[in-house]
Amino acid sequence: MPSTLALSLPAKGAPFTLTTIERRPLRANDVRIDIRFSGICHTDLHFGQDDWGGTFFPLVPGHEITGVVSEVGGAVTEFAPGDRAGVGCMVNSCGKCAPCRSGDEQYCTEGFVKTYSARDHDGTVTLGGYSQSITVSEHFVLRIPDALELDGAAPLLCAGATVYSPLRRWQAGPGMRVGVLGMGGLGHLGVKIAAAMGAEVTLLGRSPDKKDDALSFGAARFVDTRDSEQLAGLAGHFDLLINTVPAQIDMDAHLGLLGIDGTLVHVGAPGDPTASYNVFSLLGARRSIAGSSIGGIRETQDMLDFCARHHITSEIEKIPADRVSEAWANLSGVRYRYVIDVATLGTLHTSPPAF
Ligand code: NAP
Ligand code: ZN
Ligand code: ZN
């Protein structure tokens, strides 16, 4: 079995260790990718902390993967060695149910197979992108357009797809007023993508020091969510609110920002995912609350092509593999996504220091 170096969490609360993992022998439909960059998504931290229970340890996180194809199986038609490729949050699904057939693999009725911490159909546990290579069935491999740098493109594979999908679904475009709650990895791409779609974009956050960045990414304004007067000034303003915050928010205060038929879409996934709201916050203006999970494979490719046309990549801080624990401890400090330079894994001689 081909082996590869990886960063692994042996147990909840344990520090990262440098380890060797096995990747499966190439199947006819498989693409093997030499990983160059791996983004650090807030979801990696949720799984490392076992926030929702059920994390498989040892855990190799990472579902924002870009690299170069090294080998393909005999039945692969869309990829060849040397191609630039990406892998996001999914590596398998049933392929037969209605959502799978219509390109919504993320809503597979049997549950899609996550890129890490999931049991694949062959019984093995999936291991993600904090590693030197990955082997994935062709259907779940994305093409990275030449116009996108592999490092800045990595976060598009999860964060980009996760904001693009609801923006498309709720038809963000000219004349539409979109608010993005929270400006981290997802939020900053939400601002860039919604602005490129032609919507009027507002960033709502708790960090006024991000205001200038938000405006430079295409937002028309910044609103401090801790300032109730600023919030009240936008009552009824929005058609669509995309909530990326990984913590509970004041639902009623935010629902009040929606106009008639407005929708608040949760994409942020708090450690404690319960939420409560006053039903009258919906009734008075026929408002809706929705949720959205990542993006389908075809949609993720559309997003990558859209980003290439609009020159959109993630703002990143590239780090060597030995800074992974430090990065996890400082997710709210990065502007706006840590990306592991996977080439540095090969030069690590010991496990990365704890932080
Ligand atoms: P991130 O980079 O850490 O950004 C989160 C942002 O939310 C922060 O930068 C901050 O922005 C804001 N925030 C407000 N209150 C906060 C609090 N109490 N703690 C931390 N941040 C707070 O996270 P991310 O990678 O964008 O992910 C955001 C959430 O989406 C996570 O829960 C993640 O698991 C989830 N997620 C969901 C999907 C999906 O399919 N639905 C996919 C990927 C990620 P301001 O400073 O602007 O307030
Ligand atoms: Zn993610
Ligand atoms: Zn399915």
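The structure this text deals with has already been given above.
Anyway, here's the lowdown on the structure attached to this text. These numbers come from a predicted model, not from an experiment. (Residues numbered from 1 in each chain as written. Chains lettered and ligands numbered in written order. Predicted model: local features only at pLDDT ≥ 70, side-chain atom pairs only at ≥ 80, totals over all residues. Heavy atoms only, no water.)

Moving on to the site of ligand 1. Residues in contact with ligand 1 amount to 26 residues; listed here are only the nearest, His-42, Thr-43, Ser-207, Lys-210 and Arg-337. Note that an oxygen atom of ligand 1 is positioned 2.8 Å from one of the backbone N or O atoms of Ile-294. Here ligand 1, which alone exposes 910 Å², has 88% of that area covered by the protein. Among the secondary structure elements, those contributing two or more residues to the shell around ligand 1 are helix H1 (42-48) and helix H5 (185-196). The greatest single-element share of the shell around ligand 1, amounting to three residues, is contributed by H1. (Near = heavy atom within 4 Å. Polar contact = N/O pair within 3.5 Å; in protein donor to acceptor, adjacent residues only side chain to side chain. Areas by Shrake-Rupley, 256 points an atom, 1.4 Å probe, with all protein chains shown as cover. Helix = DSSP H or I, 4+ residues; strand = E, 2+ residues; numbered from the N terminus.)

Here we take up empty space enclosed by the protein. By the definition in use, this model includes one cavity of 30 Å³ or more. Every residue along the wall of the largest cavity is listed here: Gly-88, Cys-89, Met-90, Phe-140, Leu-142, Leu-157, Ala-161, Ile-294, Gly-295, Ile-297 and Thr-300. Split by residue class, the lining of the largest cavity holds eight nonpolar, three polar and no charged. (1 Å grid on protein atoms, 1.4 Å probe; cavity = no way out; pocket = protein on both sides within 12 Å on 5 of 7 lines; lining within 4 Å. Points joined across faces, edges and corners; volume = space filled by probe spheres on them. Nonpolar A, V, L, I, M, F, W, Y, C, P; charged D, E, K, R; others polar.)

This brings us to the coordination of the zinc ion (ligand 3). Only Cys-94 (SG), Cys-97 (SG), Cys-100 (SG) and Cys-108 (SG) from the protein reach the zinc ion (ligand 3) as donors, at distances of 2.3 to 2.4 Å. One way to put it: the four donor atoms around the zinc ion (ligand 3) meet at angles of 105 to 119 degrees, and that makes the site tetrahedral. Taken in sequence order, the residues that donate to the zinc ion (ligand 3) follow the motif C-x2-C-x2-C-x7-C. Across the pair, Cys-108 and Cys-100 agree in class, each one buried. (Donors = N, O, S within 2.8 Å, 3.2 Å for Na, K, Ca; no water. Tetrahedral: all angles 85-135°; square planar, octahedral: opposite > 155°, others 65-115°. Buried < 20%, exposed > 50% of the residue type's maximum accessible area, 1.4 Å probe, protein only.)

Before going further, it helps to examine the coordination of the zinc ion (ligand 2). Looking at the zinc ion (ligand 2), one finds its protein donor set to be Cys-41 (SG), His-63 (NE2) and Cys-158 (SG), positioned 2.0 to 2.3 Å from the metal centre. Sequence positions of the residues that donate to the zinc ion (ligand 2) give the spacing C-x21-H-x94-C. Here Cys-41 is found in the loop between strand E3 (30-39) and H1, whereas its partner Cys-158 is found in the loop between helix H3 (150-153) and helix H4 (159-169), with 117 residues between them in sequence. Given a relative accessible area of 2%, Cys-41 falls into the buried group.

With that settled, the discussion passes to the pattern of salt bridges. If you walk through the whole model with that rule in mind, you get 14 salt bridges. Taking the shortest distance from any N to any O, the salt bridge between Asp-209 and Arg-335 comes out at 2.9 Å. Taken together, the residues Asp-209 in the loop between strand E11 (200-205) and helix H6 (211-216) and Arg-335 in the loop between helix H11 (324-329) and strand E17 (338-341) connect sequence positions 126 residues apart. Of the charged contacts, one joins Glu-317 and Arg-323 as a salt bridge, the two residues approaching to 3.3 Å between their closest N and O atoms. (Salt bridge = Lys/Arg side-chain N within 4 Å of Asp/Glu carboxyl O.)

We now examine the sheet that holds strand E13 (residues 238-243). Reading across the sheet, the six strands line up as E12-E11-E10-E13-E14-E15 and stay open at both edges, with parallel pairing between neighbours. A single partner strand is all that each edge strand has here, and the edge strands are strand E12 (221-224) and strand E15 (288-291). Taking each pair of neighbouring strands and ignoring which way they run, the sheet shows an average axis angle of 20 degrees. Pairing between strand E10 (residues 177-181) and E13: four bridges, direction parallel. For Val-180, the partnering residue across the bridge sits in E13 and is Ile-242. (Pairing = 2+ DSSP bridges. Axes fitted to C-alpha atoms, helices over the stretch in contact; angles between N-to-C directions.)

Another aspect to go through is the environment of Gly-233. With respect to the helices and strands, the residue Gly-233 is situated in the loop between helix H7 (228-232) and E13. A sequence separation of 24 residues divides Gly-233 from Leu-257, and the C-alpha atoms of the two residues are 8.9 Å apart.

A few words now on unusual backbone geometry. Here the residue pair Phe-57 and Pro-58 is connected by a cis peptide bond, since its omega of -5 degrees sits within 30 degrees of zero. Examined against the element boundaries, Pro-58 turns out to sit in the loop between H1 and strand E4 (65-72). The omega torsion of the bond from Arg-335 to Tyr-336 falls at -5 degrees, within 30 degrees of zero and hence cis. You can see Tyr-336 is positioned in the loop between H11 and E17. Positive phi, normally seen in glycine, also occurs at Asp-50, with a value near 55 degrees. By the secondary structure assignment, Asp-50 is in the loop between H1 and E4. Residue Ser-117 is not a glycine yet carries a positive backbone phi of 60 degrees. Here Ser-117 is to be found in the loop between strand E7 (113-114) and strand E8 (133-137). On the accessibility criterion, Ser-117 (2% relative accessible area) is buried.

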